[in-house]
Protein chains: 2
Amino acid sequence: MMTLSARHLEKGNPITGPSLLEDVSLPAAVIFDAELANNIAWMQRFADGHGAQLAPHGKTTMTPALFRRQLDAGAWGVTLATATQCAVAFEHGATRLLMANQLVGAPNMAIVAGLIERGADYCCVVDSVANVEALDRFFGARDLTLNVLIELGVPGGRCGVRDESALAALVDAIAAAPAVALCGIEGYEGLIGGEHAVDRVRAYARQLVATLRRLMDAGAFADRKPIVTAAGSQWFDLIAEAFDQAELREHCTPVLRPGCYVVHDHRSYRDALAEVKARHPELEGNLQPALAVFAHVQSLPEPGLAVVAMGKRDISCDPDLPIPLQRHRPGEPAHPLRHCTVRKVMDQHTMLVIPEDADLRIGDIVSFGASHPCLTFDKWRQVLRVDDGLRVLETMPTFF
Amino acid sequence: MMTLSARHLEKGNPITGPSLLEDVSLPAAVIFDAELANNIAWMQRFADGHGAQLAPHGKTTMTPALFRRQLDAGAWGVTLATATQCAVAFEHGATRLLMANQLVGAPNMAIVAGLIERGADYCCVVDSVANVEALDRFFGARDLTLNVLIELGVPGGRCGVRDESALAALVDAIAAAPAVALCGIEGYEGLIGGEHAVDRVRAYARQLVATLRRLMDAGAFADRKPIVTAAGSQWFDLIAEAFDQAELREHCTPVLRPGCYVVHDHRSYRDALAEVKARHPELEGNLQPALAVFAHVQSLPEPGLAVVAMGKRDISCDPDLPIPLQRHRPGEPAHPLRHCTVRKVMDQHTMLVIPEDADLRIGDIVSFGASHPCLTFDKWRQVLRVDDGLRVLETMPTFF
């Protein structure tokens, strides 16, 4: 059988040269270089300014080339959600891995054991005695010690211990588990929303700090400078502030772990950042949307409708439908797509409602932004880093 | 840098052996072998029984190991949605490629030109003069002929010509394009729904046949046995019936191209099949749901809630949230998950509402079904074919 080049087999690859508009098989997912660099520097500066370490959540992008840039800019480690994600990050040179999730199942434990044996500085979170016991059995049998953080949850939330008695039982179980070492406290405030959310996030951050202090006083931690970590890309300022005010730095390691900030977005996190800036008018600079999907107009079948060759398999439709940004034609300046809205997205098609006098032709290229970058990244086996002139600088593989 | 095995870097891979419940990194996407074989045989028998060719839509799975099984069972070709999908199918041995979509953009045309030069029997659809002219320029410059089908659309639908004058202009444009050969008529009835949908699908099928006949009489086709093709996995019986009644076989090639049937599903297509069976009580056998995602219970943080280590990146939540199927423990028979429902799915977590007395433990494995398989397949780099005893028979790579 004849062999085609791998780039012919994967959507969004440069086929004939480096020009996004002329040489790349569209649809393609694109990251703008200047905005990316801005965002990485901005958040690192933010963490530094609050005396916190930054462990960007890698699950957002699962793009090791981006982990590298985040680490080179000063990140303390990489946060991940699963054992296989940790294996990807480690294989690509990230050695400090914060798995902000429970480690469950022998095959996943075997992956992590392999990472620890190879030198990874790994920790995961626990919220149940049953899980601690299973981890102790598995890692004890391999003469390994597993570092864990206790996860504090919120009622009606996701994982994490909900009350004092569950916390006490968990601390006791860890103390009784020779292969499990307690290294800190973890929380996730991203599920808090609705009325008084700001106050509730602040209260949750204070609870994390208070629990940390109490367990420190009780000598519960194996580590001399235990970790306290929280913060997605929505409320990171409130968490950083609480950690900062508690003056934790000397005796523990405060870690922020936002993920989506790295490419920001065109709606959800744009709005969240506006709130951060409103709370902190002194903050300089801005996160900038850096991720877009480029696709062709494939059909103009009736007045007011353009069908674009991009679908649910190419861009996030959750929590918002894609946002049309610009029309692109080789050799012409990009043109804003005013008064165009996405009506519906199917697996491989997008129905774009356009003004009847819109200057849009078959073969024109349209760029789209999205809300929440995580669910766009995972639709691609590579993303293209491009310069302002839409020349491809780097093809960055993803590992989902 | 130390190298980990590739299977440690991808979720859902066998790590320590072939047992799904004991050796595989969960979450994992699984295809049940017996149900898969049943479905492939069922639909081929259906097409044969109506004197139609079957070109299963490959975009559903993008799993060449499944294309191979469909072709070995008698499929005439493979349907695809994009140039890169066609390259994948061709690279894995499928030589007859029906791209039921417009071919737009020079890099995508270059991919297709490469396939044709290497011997692919390829056709795509057209619905605009502008596209025909662009294709003629591109393929003419390479001394190649591109086979096309005219797409007939429906008002308010997706792509496809909407009226007689657009059709006539398109036929003329193709006749004037030496590098473009008209080989048939294409339609997609899957967008038809709501009231009187059955009647409207039948009318649309008749329109396809009538247009084919008219263009045949006018000598518009380059091919002696032009193609007429439609049919997703919802209304395939109505399309097959219309093609059958028109007695097309002697002078043309009727092609059905359902995709989702191959693994069927647990809701949308289950319901659609019930309607097919109601219209055709004589049909023997059934399509059977063959795709599931297996994942661990990672947390039981409060009464009535289990958090499962599976998220939007692992299973389709569109058009329905995942459907809990069974609880699995190694060495015990699978246990149906009655009275459990999914409340919410996040990127990497599923909140499962459970009865307070449910026998569910941390580390238990839960299987889930989904509505509409396309949006589950594209979340995996491989799917595992398993037998009734949940032993992994084959790791089948996907190419999205």
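Criteria and thresholds
Residues numbered from 1 in each chain as written. Chains lettered and ligands numbered in written order. Predicted model: local features only at pLDDT ≥ 70, side-chain atom pairs only at ≥ 80, totals over all residues. Heavy atoms only, no water. UniProt positions renumbered as here; feature names shortened; annotations may be inferred. Pairing = 2+ DSSP bridges. Helix = DSSP H or I, 4+ residues; strand = E, 2+ residues; numbered from the N terminus. Contact = heavy atoms within 4.5 Å. Buried area = accessible area lost by both parts, 1.4 Å probe. Salt bridge = Lys/Arg side-chain N within 4 Å of Asp/Glu carboxyl O. Polar contact = N/O pair within 3.5 Å; in protein donor to acceptor, adjacent residues only side chain to side chain. Nonpolar A, V, L, I, M, F, W, Y, C, P; charged D, E, K, R; others polar. Expected span 1.5 Å × (residues − 1). Buried < 20%, exposed > 50% of the residue type's maximum accessible area, 1.4 Å probe, protein only. 1 Å grid on protein atoms, 1.4 Å probe; cavity = no way out; pocket = protein on both sides within 12 Å on 5 of 7 lines; lining within 4 Å. Points joined across faces, edges and corners; volume = space filled by probe spheres on them. Axes fitted to C-alpha atoms, helices over the stretch in contact; angles between N-to-C directions. Least-squares fit on C-alpha atoms with pLDDT ≥ 70 in both. Lys, Arg positive; Asp, Glu negative; His and termini not counted. Domains from an automatic or database assignment.

- The name recorded for chain A in an unreviewed UniProt entry is Amino acid deaminase, from Rhodanobacter lycopersici.
- For the record of chain A, the UniProt heading Sequence similarities (unreviewed entry) holds the text "Belongs to the DSD1 family."

## Some points on the pairing of strand β18 (residues 392–397) of chain A
Right, so step 1: In the sheet, strand β17 (residues 382–386) of chain A pairs with β18(A) via five bridges, with the strands oriented antiparallel. In the strand pairing of β18(A), A:Arg385 is matched with A:Glu394.

## Topic: the interface of chain A and chain B
Right, so step 1: Chain A puts 79 residues into the contact, and the matching count from chain B is 78 residues.
Right, so step 2: Both faces combined, the contact of chain A with chain B buries some 6400 Å², and carbon together with sulfur accounts for 57% of it.
Right, so step 3: The largest share of the area that chain A buries against chain B comes from A:Glu91, A:Arg313 and A:Arg381, three residues that together contribute 12% of it.
Right, so step 4: The interface formed by chain A and chain B includes eight salt bridges.
Right, so step 5: The shortest N-O distance in the salt bridge between A:Asp347 and B:Lys59 comes to 2.9 Å.
Right, so step 6: Joining chain A to chain B, the criterion identifies 36 residue pairs in polar contact (both at pLDDT 80 or more).
Right, so step 7: Classifying every residue of the side of chain A that touches chain B gives 34 nonpolar, 26 polar and 19 charged.

## Here's the deal with helix α3 (residues 33–49) of chain A
Residues and elements named next belong to chain A.
Right, so step 1: In this model α3 runs 24 Å from its N-terminal to its C-terminal C-alpha over 17 residues, within 8% of the 24 Å that 1.5 Å per residue would give.
Right, so step 2: Taken as a whole, α3 has its buried residues at Leu36, Asn39, Ile40, Trp42, Met43, Gln44, Phe46 and Ala47.
Right, so step 3: In the stretch just after α3, Gly51 is the one whose phi turns positive, near 65°.

## Remarks on the sheet that holds strand β4 (residues 96–102) of chain B
All names here are of chain B.
Right, so step 1: Across the sheet, which stays open at both edges, the eight strands sit in the order β2-β9-β8-β7-β6-β5-β4-β3 with parallel pairing between neighbours. Looking at which strands have only one partner, the edges of the open sheet turn out to be β2 (53–54) and β3 (78–80).
Right, so step 2: Note that strand β7 (residues 180–187) and strand β8 (residues 227–230) share three bridges and pair parallel. Along β8, the bridge assignment pairs Ile185 with Val228.

## Overview of empty space enclosed by the protein
Right, so step 1: This model, assessed by the stated rule, comprises seven cavities of 30 Å³ or more.
Right, so step 2: What the largest cavity holds in volume is close to 500 Å³.
Right, so step 3: The wall of the largest cavity is formed by 39 residues, among which A:Lys11, A:Arg313, A:Asp314, A:Gln348 and B:Gln85 lie closest to the centre.
Right, so step 4: Elements represented by at least two residues in the lining of the largest cavity include exactly β10 (291–302) of chain A together with α5 (83–91) and β4 of chain B.
Right, so step 5: Residues that form the lining of the largest cavity fall into these classes: 17 nonpolar, 10 polar and 12 charged.
Right, so step 6: Every residue lining the second largest cavity is counted, 27 residues in all, and those nearest its centre are A:Thr82, A:Thr84, B:Leu26, B:Pro27 and B:Gln348.
Right, so step 7: Where the lining of the second largest cavity is concerned, the elements lending two or more residues are α5 (83–91) and β4 (96–102) of chain A together with β10 (291–302) of chain B.
Right, so step 8: Sorting elements by how many residues they give to the lining of the second largest cavity places α5(A) first, with four residues.
Right, so step 9: A breakdown of the residues in the lining of the second largest cavity according to their chemical character gives 14 nonpolar, 10 polar and three charged.

## Considerations on the sheet that holds strand β7 (residues 180–187) of chain A
All names here are of chain A.
Right, so step 1: Taken in spatial order, the eight strands of this open sheet run β2-β9-β8-β7-β6-β5-β4-β3, and their pairing is parallel. Each of the sheet's edge strands pairs with one partner strand only, and the pair in question is β2 (53–54) and β3 (78–80).
Right, so step 2: Here helix α9 (residues 197–217) sits on the sheet and contacts β6 (146–152), β7 and β8 (227–230); the angle it forms with β7, its principal contact strand, is near 155°.

## Thoughts on the relation of the copies chain A and chain B
Here two copies of a chain appear, and what relates them is a rotation about an axis with a shift along it.
Right, so step 1: You can overlay chain A on chain B at an RMSD of 0.0 Å; the transform is a turn of 180° with a shift of 0.0 Å along its axis. The transformation just described matches what one would write down for a two-fold rotation axis. Closest approach to the rotation axis within chain A is made by the C-alpha atom of A:Lys379, at a distance of 3.7 Å.
Right, so step 2: Of the interface residues in chain A, 97% have counterparts in chain B that sit at the interface too, so the contact is made through matching surfaces.

## Here we look at the UniProt feature "domain: D-serine dehydratase-like" (unreviewed entry) in chain A
Right, so step 1: Using the residue numbers shown here, the UniProt feature "domain: D-serine dehydratase-like" (unreviewed entry) corresponds to residues 290–387 of chain A.
Right, so step 2: Note that residues 290–387 of chain A is 4% helix and 44% strand, and that its end C-alpha atoms are spaced 11 Å apart.

## With respect to the pattern of salt bridges
Right, so step 1: Per the stated rule, a full pass over the model turns up 43 salt bridges over all chains.
Right, so step 2: The partner of A:Arg202 in a salt bridge is A:Glu241, and the shortest N-O contact between them spans 3.5 Å. Taken together, the residues A:Arg202 in helix α9 and A:Glu241 in helix α10 (residues 236–245) connect sequence positions 39 residues apart.
Right, so step 3: The class for A:Arg202 is partly exposed, based on a relative accessible area of 29%.
Right, so step 4: What makes A:Glu241 buried here is its relative accessible area of 19%.
Right, so step 5: A:Arg313 is paired through a salt bridge with B:Asp378; the nearest N and O atoms lie 3.0 Å apart. In this pair, A:Arg313 is assigned in the loop between β11 (305–308) and β12 (323–328) and B:Asp378 in the loop between α12 (374–377) and β17 (382–386), connecting two distinct chains. For the pair A:Arg313 and B:Asp378, a shared accessibility class is recorded, and that class is buried.

## Some thoughts on the pairing of strand β16 (residues 365–369) of chain A
Residues and elements named next belong to chain A.
Right, so step 1: Taken across its five residues, β16 has five buried, putting it largely inside the fold.
Right, so step 2: Burial along β16 is two-sided: the face carrying Ile365, Ser367 and Gly369 and the face carrying Val366 and Phe368 are both buried.
Right, so step 3: By the bridge criterion, four bridges tie β10 to β16 in an arrangement that is antiparallel. Among the inter-strand pairings, Phe294 is bridged to a residue of β16, identified as Ser367.
Right, so step 4: Sheet topology note: the β12/β16 ladder contains five bridges and is antiparallel. Paired with Ile323 across the two strands is Gly369, which belongs to β16.

## With respect to the side chain of B:Asp23
Right, so step 1: With respect to the element layout, B:Asp23 can be found in helix α2 (residues 20–23).
Right, so step 2: No salt bridge is formed by the buried B:Asp23; the nearest opposite charge belongs to B:Arg391, separated by 6.7 Å.

## Some details on the domain arrangement of chain A
Residues and elements named next belong to chain A.
Right, so step 1: For chain A, the assigned domains are domain 1 (6–30 + 287–397) and domain 2 (50–258).
Right, so step 2: Spacing between the C-alpha centres of domain 1 and domain 2 amounts to 36 Å.
Right, so step 3: Contact residues are listed per partner, giving eight residues for domain 1 and nine residues for domain 2.
Right, so step 4: When domain 1 packs against domain 2, close to 660 Å² is buried across both sides, 67% of that on carbon and sulfur atoms.
Right, so step 5: Considering only the side of domain 1, the residues that lose the most area to domain 2 are Cys374, Phe377 and Met396, jointly responsible for 58% of the buried surface there.
Right, so step 6: Linking domain 1 with domain 2 are zero salt bridges, by the criterion used here.
Right, so step 7: Scanning the region where domain 1 abuts domain 2 turns up zero residue pairs in polar contact (both at pLDDT 80 or more).

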